[in-house]
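Here is what each chain is made of, one letter per residue.
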Amino acid sequence: MSRIGKKPVSFAANVTVSQNGQVLGVKGPNGDLTLGVHPNMTVSVNAEDRTIVVSRPDDLRENRALHGLTRSLISNMVTGVTTPFERSLVIMGVGYNGAVNGKKLALQVGYANTIELEIPEGVSCECTAPTRILVKSADKQAVGQFAANIRRVRPPEPYKGKGIRYENEQIRRKAGKAFGSK
């Protein structure tokens, strides 16, 4: 039995869970999310105990993998609608900055043009400072993907450390060319 998959997912009183066939919906104070459950997995919602249990039909390798995955996805949905997931990015470099203009994130990171990224639906993005970006959403995958898209605009380089990095990311610095004489 999967150690992760066999644990029931409990949800708070302010969260409502609905099931329509293989589609599971979770609604809470920070939004609502849906998940299409794999046909091999069986999801049962117990409203009295406020728990969700995922079970699998047999011990085939694919079903064992799907068991823990499905339970983790449901757990992330329940967590996200109560407290949103967030990812913080830092822009390093002289003159580098970011700003939110409506539904677009404008980045000035050393290119001739300002790079504008469309903020996805269900994701909120704010610039707490000109060099700090905070991405929030109830959907964990959407937060991670949009943060990765922002970082991909100008990844940190190892010589001067300029670029966009995650808040606690450590960049291995390299020494530049050493000039010497023989």
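Reading the values: the criteria
Residues numbered from 1 in each chain as written. Predicted model: local features only at pLDDT ≥ 70, side-chain atom pairs only at ≥ 80, totals over all residues. Heavy atoms only, no water. Helix = DSSP H or I, 4+ residues; strand = E, 2+ residues; numbered from the N terminus. Buried < 20%, exposed > 50% of the residue type's maximum accessible area, 1.4 Å probe, protein only. Core = buried A, V, L, I, M, F, W, Y, C linked by side-chain atoms within 4.5 Å. Contact = heavy atoms within 4.5 Å. Salt bridge = Lys/Arg side-chain N within 4 Å of Asp/Glu carboxyl O.

**Student:** Tell me about the side chain of Thr51, and name the residues and values.
**Tutor:** Within the fold, Thr51 resides in strand β6 (residues 51–55). Look at Thr51 and you get buried, because its relative accessible area is 16%.

**Student:** Residues and numbers for the nonpolar core, please.
**Tutor:** Counting 21 residues, the largest nonpolar core has Leu107, Ile133, Val135, Phe146 and Ile150 as the members making the most contacts within it. Of all the secondary structure elements, the ones that give two or more residues to this core are β7 (85–92), β9 (104–108), β11 (123–129), β12 (132–137), α2 (140–153) and β13 (163–166). A total of six residues in this core trace back to one element, the largest contributor, which is α2. When neighbours within four sequence positions are excluded, Phe146 is seen to be in contact with Leu105, Leu117, Glu118, Ile119, Pro120, Val123, Cys125 and Val135. Counting residues in each nonpolar core, the second largest holds 19 residues, with Val17, Leu33, Val81 and Ala138 among its members.

**Student:** Kindly report on the pattern of salt bridges, identifying the contributing residues and their values.
**Tutor:** If you walk through the whole model with that rule in mind, you get five salt bridges. Across the salt bridge formed by Glu116 and Lys104, the nearest N and O atoms sit 3.9 Å from each other. On the criterion of sequence distance, the pair formed by Glu116 in strand β10 (residues 115–118) and Lys104 in strand β9 is long-range, its members being twelve residues apart. The partly exposed category is assigned to Lys104, whose relative accessible area is 34%. One salt bridge in this structure joins Glu118 and Lys104, with 3.8 Å as the shortest N-O distance. Separated by 14 residues along the polypeptide, Glu118 in strand β10 and Lys104 in strand β9 bring together distant segments of the chain.

**Student:** With reference to specific residues and values, describe the environment of Tyr96.
**Tutor:** Checked against the element boundaries, Tyr96 lands in the loop between β7 and β8 (97–101). Taking the C-alpha atoms as reference, Tyr96 lies 7.7 Å from Leu107; in sequence the two are eleven residues apart. The residues contacting Tyr96, other than those within four sequence positions of it, are Ile91, Gln108, Val109, Gly110, Thr131, Arg154, Lys162 and Gly163.

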